[in-house]
Amino acid sequence: MTTTPPEPDQTSSPDQPSRAVPLVTKPSPPAAAPPAAAPPQSGRFRVPTLARHLGVAVLAAVVLAIATTMIGDYRDYELAEIAAFVVAVAGLTVLIGLSGQISIGNGAFMAVGGYAAALLFVHLQWPLAAILLAATAAAALAGAIFGVAAARLRGPYLAGATLMLAVALPALSTQFQSVLGGDQGLGFYISVPGFLGINFSLSRWQAWFNCAVALLVLILLANLTRSRVGRNWRALRDDEVAASLAGLNVARLQIVAFIVSAACAGAGGVLLAVWIGTVSTSLFALGVSIQLLTAAVLGGLGSLVGAIWGSALLVIVPTFLANFATSHGMTQTTSSSVPILAYGVVLIAVMVGFPGGIQGALVRFFNLRRRRPADYHQEEKGST
Amino acid sequence: MIRSHQVRLGALASLAALSLLAAACSSSGGSSGGGSKGGGRTASDVGITPTTITIGSHQPLTGIAAPGYSEIAPAANAYFSYVNAHGGIFGRKIVYKYLNDQYNPTITSTVVHQLILQDKVFAIFNGLGTPTHLAVAQFINSEHVADVFVASGCECWNAPSTLPDTFGWQLDYVREGKILGKYIEQHFQGKKIGFFYQNDEFGQDGVKGLSYEIPKSQIVAKQSYDPTNIKIGPQVAALKAAGAQVVVSFTVPAFTALLKLNMLGLKFAPQLVVSDVGSDAITLAGLLASFAKNKTAGFGNSLTQGIITDSYLPSLGQASNSWITLFQGIYQQYLAKTIPAFDGNVLYGMSVGYTFVQAMFKAGKNPTRADLIAAINRGLSQAVAVAPFGYSSTDHNGITGAYIGTIKNGALVSDTGVFVTDDSATGAITADSTPQPAAPSTGIPSP
Amino acid sequence: MVEFLNFTLEGLSAGMIYAAIGLSLVLIWRGTRVLNYAQGAMAMFTSYLALLVINATGNYWLGFAVALASGLVIGAVVERVVIRQVTGKPPLNAVIVSIGLLIGIEGLAGLLFGSNNRSFPPAYSINGLSIGSVALGITWNDVFTAVAVLAAAGVFAVVFRYTTVGLRLRATAFSPAVARLLGVRVGRMLTLGWALAGLLGALAGMLVTPSTFLSPNSMDVIFVLGFTAAVIGGLESPAGAVAGGLILGVVLSYAGGYLNSQVVNLFGLAALLLVLMLRPNGLFSSAPARRV
């Protein structure tokens, strides 16, 4: 899936998909890299996509499982938070990077997932896996409803509608206070399952659960983006008119993309609830929606690995800056703003320095080192 | 279509890098030495060394809740600095590490986990906000860390069975509503009364307390506001249209000021009764100061004139009060450079800091977290607050009463004695005539 | 009846404020095809500068002038120093840069001015106007706000439609490449577009801040509503921004007055979606969306 403008991918035209999200309509830059050539296929064993993704995921799971035993409770806990955001950001990066739509309101779908999960937990005491599935379905349904309503919207109009969704939806929790708990929200206190023993740390269990779900979602998304639906999305993103002429059902594809991103946001909302042990409206305030967008773009739009980078940055940088400020005596009412200022500068610097996001920069870096441009384009397209 | 190894490498590299980063960072949080030196002081529990007591907090130093509230932690810290400079607590200095959560529960959760798991604090002190602290209260209790004197008047902190280590401090909003309601019921008999409240825990609890005392027949309108929407004109117009002669408002200071401005715009002049949270005379006067036609000095004060409110701390206007004198001095010494005025938030921060020092002295020379909890459960003697604390093993609420006063010439003047009550619908509201003890001459509670 | 009158007038005067922010977004969108999420933060910052001047000199209008001038300068500087760096990069990069600006400017304001709410003077009296014994619920300051916003919208519309500069700005936004071929100095036009939007934002800040008080985050919510107003009106049209602001203001006012405060934003969402379902490019969109 394409992210960085200078590097065209193969399915899309070499012309960059700048119109994809016309928040800014400027001419696309000329492709800097050579046009993608088909890499030599001979002499390489072809592994089925699903198997390959599964292999990567199993390996990642092993690494993570070992890591969680070494890094301590607090880092486990941070890992669980990153995993929760990875899920939501991955859905958003697919929506924007592949289908060419934008949402500044995915926090609202996180809220739907989180609240649905908490309701099932409080009233029906379902097992966690069932809660996750049902809450994800609820968020997908919400995404479908909104997607239908917003199917004709593009660019800034879609941005405006989703922004207002994120602002307005939390009000429901005070409107239906007896069910949704109002300001206090709903408790969602999970415990470590019995088979792990009573001394197993909760943070590690949270990290395990969230990372497992995140890996699962990444596998599903990686396969989805390489399926026909994924190709149709890219066609749609690159030229809506052409896609329509080619017989693609534009509205339906867009709604499906919205459903996928809402479902991911919903699952991310459940993981966030698992992580924090409660759901309340302030957990899903507008700022979260903005953070998701920021993480998706910083990581590298359209790239699932980028979603990991973006989420990690999202979680680690503010805490790091807050600690830095405190340990350097910046605790007065004025100097506590220094980390905020620094965070803003970091965002701008990354965007200016790495226009393709972190993943774009990394891919380009390794690509230059290995001098295998052709391979690199292959890479770009379906990076996990 | 063939894919290279690079994807896998990329994914693995990122995971590996993350783990490394995490591992590198995690090694920094070590445990403190446990040697005993200096007057038999030992490292009696996590966060306590022979020379220090480390406590932590989450505070909105920036963001939407920062106005006003960002002063509280520096004020508490100023009081701790004063204590540290005058012998500390049994010779130990308090190290107060408060981290900015921007009033965002996600960040609250991260910073509190860090404080407990990595920085190994002895207690979480005065964590600010209902939605923020609710996101961490369960975790703090599961780690058996003392969660003392939460900066929020939510009744939810009073749950000794489910949150045994959590204690509220300030007068809870239900009690406050009851005390204000009783006063209104007695002094505005037969008048039409309208409520204006923030649509969250704070406002709703306040209205609950008010409704226990004020006869239903007198209540003509209940209007609320959402703190993210500053356009409250329609709600104020609705209060006016309902003919309210007394408006009781459970608002934060900015919205008390907006309420007053909207009343001017509507030529609507009912008697205004405001909860303690939104009635700090200095803050209000500051917010309203610019609205005079020609920079009239004291204009802000003229707009706050006559507002009825309650308070559980001595009035800042009472310069002769020993507590105000003490805190004013500490403010001058430690805070005057960074915080422009000795206002209600500064008083709040120092008062809650004083209560913590009081509890620590009571917990003993080499306290554990359990000792601190037990000490508070045995009750704390009345000090900075005008009413006694209600702490016991079955009540974790905190201050139990307040007096009613009127803002006159920019300062709160008390009109009544102190009333104490509980937070039940039927609990009586009784006058409490015990005088508030004077501040100790050292400024530090005695062991 | 009086209640209805009050709600309507309150809604219209609030709507003027949303329109003011909406206008500055429309200007920047028409001039440069960027949605500037830092518009509110920039207006907050110029309001701080105005307050410094007003407090030092006691002269409101001097502060007013300083705010507008600094808005002009900040807009130009932001375009030259920051936005220019992401020109030609993927479109969302400019959005993230403007979000970075938003956070950075709020941090800077907190560092320089602290996070407490400051009182901010209105241009005219805030005592209510009345006809006979009926209080209208608006003030001379609200009237001034309405006049200023309508005048700004008018000037803006005239400049874009009838002047050479306006034509160049539109050409630049429509297609920088074509504009360049036609001899338009595109870079200069982009800077000018941001500068003018900065000025309009500063005006909005001066009009809004008395009713929000001034703090680093004081423009956040107003910005969201101003954005919504601009989208309702169609991002192409100054008249649309005003109409969008007024519609939004009145809808929110009725919802807040007749129903309750928690449904206010839901009604805002409903109004927005309703308009966009009927007209996907806003009320005043001139060109229909390209459809097949």
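Here the residue index of a chain counts from 1 through its sequence in written order. Chains carry letters and ligands carry numbers; both start at the beginning, A for chains and 1 for ligands, and go up in the order they are written. Given that this is a predicted model, residues contribute local features only at a pLDDT of at least 70 and side-chain atom pairs are listed and counted only at 80 or more, while totals for whole chains, interfaces and linings are drawn from all residues.

1. Points about the overall build of chain A
Scanning chain A from N- to C-terminus turns up 16 helices and two strands. Counting other C-beta atoms within 10 Å of each residue's C-beta, where C-beta atoms are placed from the backbone, gives the exposure class: buried for 20 or more, exposed for 12 or fewer, partly exposed between. Looking at chain A residue by residue over its 384 residues, the buried ones come to 62%. Counting from the N terminus, the helices are DSSP H or I runs at least four residues long and the strands are E runs at least two residues long.

2. Focus on the overall build of chain B
A count of helices and strands for chain B gives 14 helices and 13 strands. Here, residues touch in the contact sense if the C-beta positions derived from the backbone fall within 7 Å of one another. When contacts within chain B are restricted to residue pairs at least 6 apart in sequence, those whose partners lie at least 24 apart make up 68%.

3. Looking at the sheet that holds strand S8 (residues 246-250) of chain B
Residue and element names in this part refer to chain B. The criterion for strand pairing is that DSSP finds at least two bridges linking the strands in question. Spatially, eight strands are ordered S7-S6-S8-S9-S10-S11-S12-S13 in an open sheet, and the strand pairing comes out mixed. The outermost strands of the open sheet, each flanked by one partner alone, are strand S7 (219-225) and strand S13 (430-432). For this sheet, the mean inter-axis angle between neighbouring strands, taken without regard to orientation, is 30°. Pairing between strand S9 (residues 271-274) and strand S10 (residues 308-311): two bridges, direction parallel. Axis definition: a line fitted to C-alpha atoms, over the contacting stretch in the case of helices. Angles run 0 to 180 degrees between N-to-C directions.

4. Focus: the interface of chain A and chain C
If you look at the interface, chain A gives 51 residues, while chain C gives 52 residues. Sorting the residues of the side of chain A that touches chain C by element identifies helix H5 (155-168), helix H6 (172-175), helix H10 (240-245), helix H12 (286-299) and helix H14 (338-353) of chain A as the ones contributing at least two each. Note that Gly is not counted as nonpolar here; it falls among the polar residues with everything else outside the nonpolar set of Ala, Val, Leu, Ile, Met, Phe, Trp, Tyr, Cys and Pro and the charged set of Asp, Glu, Lys and Arg. The class makeup of the residues in the side of chain A that touches chain C is 36 nonpolar, 12 polar and three charged.

5. Some details on the pairing of strand S12 (residues 411-420) of chain B
Residues and elements named next belong to chain B. Pairing of strand S11 (residues 401-408) with S12, which is carried by seven bridges, proceeds in the antiparallel orientation. What sits directly across from Lys408, in S12, is Ala411. A loop of two residues connects S11 with S12, the two strands running antiparallel in sequence, and Asn409 in this loop sits at a positive phi of about 50°.

6. Considering the pairing of strand S4 (residues 146-150) of chain B
Residues and elements named next belong to chain B. For S4, the buried fraction is high: five of the five residues fall into the buried class. Taken together, the three bridges between strand S3 (residues 123-125) and S4 define a ladder with parallel strand orientation. Bridge assignment links Phe125 to a residue of S4, and that residue is Val148. With its strands directed away from the observer, a crossover is right-handed exactly when the path from the first strand over the helix to the second travels clockwise. Between the parallel pair S3 and S4, the chain is carried across by helix H5 (residues 130-142), and the sense of this crossover is right-handed.

7. Here's the deal with the environment of His187 of chain B
Locating His187 of chain B in the fold gives a position in helix H6 (residues 173-187). Taking the C-beta count within 10 Å as the criterion, His187 of chain B has 15 such neighbours and is therefore assigned partly exposed.

8. Section: the nonpolar core
As used here, a nonpolar core is made of buried Ala, Val, Leu, Ile, Met, Phe, Trp, Tyr and Cys residues. They are joined through C-beta atoms within 7 Å. Of all hydrophobic cores here, the largest spans 386 residues; its most connected members are Val87 and Ala90 of chain A together with Ala20 of chain C. The biggest single contributor to this core is helix H11 (residues 250-276) of chain A, with 18 residues. Just so you know, the domain bounds were taken from an automatic or database domain assignment. Among the domains, domain 1 (39-171 + 318-400) and domain 2 (174-311) of chain B are the pair contributing at least three residues each to this core. If we ignore the near neighbours within four places in the chain, the residues touching Ala20 of chain C are Val149, Leu203, Ala204, Leu207 and Val208 of chain C.

9. What about the domain arrangement of chain B?
As a measure of interface size, the accessible area lost when the parts come together is often cited. Residue and element names in this part refer to chain B. What the domain assignment reports for chain B is domain 1 (39-171 + 318-400) and domain 2 (174-311). Computed over C-alpha atoms, the centres of domain 1 and domain 2 are 30 Å apart. Every contact between the two is made by 11 residues of domain 1 and, on the other side, 11 residues of domain 2. Of the residues that constitute the side of domain 1 that touches domain 2, the class distribution is four nonpolar, five polar and two charged.

10. A few points about the packing of helix H9 (residues 220-233) of chain C against helix H11 (residues 264-278) of chain C
When two helices pack together, you describe them by how their axes are tilted relative to each other and by the distance separating the axes. Residues and elements named next belong to chain C. With their axes 9 Å apart at the nearest point, H9 and H11 run at an angle of 25° to one another. Judged on the interaxial angle alone, H11 and H9 are roughly parallel. For the pair H9 and H11, the crossing hand works out as left-handed. Taking contact as the criterion, the partners of Thr228, Val231 and Ile232 in H9 are, on H11, Gly268, Ala271, Leu272 and Val275. Residue composition of the contact of H9 with H11, by class: five nonpolar, two polar and no charged. Each angle gets one of four labels, with under 35 degrees taken as roughly parallel, over 145 as roughly antiparallel, 65 to 115 as roughly perpendicular, and the rest as oblique. Left-handed is the label given to a crossing in which the near helix is rotated counterclockwise from the far helix by less than a right angle, and right-handed is the label when the rotation is clockwise.

11. Topic: H9 of chain C
Residues and elements named next belong to chain C. Given the number of residues in a helix, its expected span is that number minus one, multiplied by 1.5 Å. When the terminal C-alpha atoms of H9 are compared, their 20 Å separation across 14 residues agrees well with the 20 Å that a helix rising 1.5 Å per residue should span. Within H9, 14 of the 14 residues are buried, which leaves the element mostly enclosed by the surrounding structure. The first or second residue beyond H9 is Gly234, which carries a positive phi of 95°.

12. Some points on the sheet that holds strand S1 (residues 52-59) of chain B
Residue and element names in this part refer to chain B. Judged by pairing direction, the sheet is parallel, and its five strands sit side by side in the order S2-S1-S3-S4-S5 without closing on themselves. Both edges of this open sheet fall to strand S2 (93-100) and strand S5 (166-168), since each of them pairs with a single strand only. The average undirected angle you get between the axes of adjacent strands in this sheet is 20°. Across two bridges, the pairing between S1 and S3 is parallel. Among the inter-strand pairings, Gly56 is bridged to a residue of S3, identified as Ile124. Across the sheet, H5 touches S1, S3, S4 and S5, and the angle it forms with S4 is around 150°.

13. Re the interface of chain C and chain B
Counting residues at the interface gives 38 residues for chain C and 35 residues for chain B. Every element with two or more residues in the side of chain C that touches chain B is listed here: helix H1 (2-32), strand S1 (128-131), strand S2 (134-139) and helix H10 (238-258) of chain C. When residues in the side of chain C that touches chain B are grouped by element, the largest group, six residues, is from H1 of chain C. Class assignment of the residues belonging to the side of chain C that touches chain B gives a composition of 13 nonpolar, 23 polar and two charged.

14. Digging into the environment of Ser70 of chain B
All names here are of chain B. Following the sequence through the fold, Ser70 ends up in the loop between helix H2 (66-69) and helix H3 (72-85). With 28 C-beta atoms packed within 10 Å, Ser70 lands in the buried category. Measuring from C-alpha to C-alpha, the distance between Ser70 and Gln102 comes to 9.8 Å, with 32 residues separating the pair along the chain.

15. Overview of the environment of Gln114 of chain B
Mapped onto the elements of the fold, Gln114 of chain B is located in helix H4 (residues 105-118). Under the C-beta neighbour-count criterion, Gln114 of chain B is labelled buried, with 22 such atoms within 10 Å. Separated by 151 residues in sequence, Gln114 of chain B and Gly265 of chain B have C-alpha atoms that sit 48 Å apart. Filtering out sequence-adjacent residues up to four positions away, Gln114 of chain B remains in contact with Tyr74 and Thr319 of chain A together with Asp119 of chain B.

16. Comments concerning the confidence of the model for chain A
As a note on interpretation, predicted positions should not be read in detail where pLDDT is low. Residue and element names in this part refer to chain A. As a per-residue measure, pLDDT tells how confident the predictor is, with possible values from 0 to 100. Across chain A, the average pLDDT comes to 80, with 82% of residues at 70 or higher. Note on residues 1-43: pLDDT under 50 across the span, and 115 contacts to partners over four residues away in sequence or across chains. Overall, residues 372-384 carries pLDDT values under 50, and its contacts beyond four positions in sequence, including any with other chains, amount to 53 contacts.

17. Thoughts on the confidence of the model for chain B
Residue and element names in this part refer to chain B. Averaged over every residue, the pLDDT of chain B is 87; residues scoring 70 or more account for 90%. By mean pLDDT, the top-scoring element of chain B is S3 (96), and the lowest-scoring one is helix H1 (residues 6-26) (45). Here residues 1-13 scores under 50 on pLDDT; set against residues more than four positions off or in separate chains, the count is 28 contacts. Note that residues 15-37 has pLDDT below 50 and, in this model, 31 contacts with residues that lie over four places away or in other chains. Interface confidence for the predicted complex, expressed as ipTM, amounts to 0.89; the pTM equals 0.85.

18. Section: the packing of helix H13 (residues 304-327) of chain A against H14 of chain A
Residue and element names in this part refer to chain A. Two elements in contact, H13 and H14, have axes separated by 9 Å at closest approach and are oriented at 145°. Classified by chirality, the crossing of H14 by H13 is right-handed. When H13 is examined against H14, the residues Val317, Pro318, Leu321, Ala322, Phe324 and Ala325 are found in contact with a partner set consisting of Val338, Pro339, Ala342, Tyr343 and Val346. Of the residues belonging to the contact of H13 with H14, the class tally is 11 nonpolar, no polar and no charged.

19. A closer look at unusual backbone geometry
All names here are of chain B. Phi angles above zero are rare outside glycine, and Gln102 is one such case at about 55°. The exposure class of Gln102 is buried, given the 24 C-beta atoms found within 10 Å. In this model, His144 sits at a positive phi of 60°, which is unusual for a non-glycine residue.

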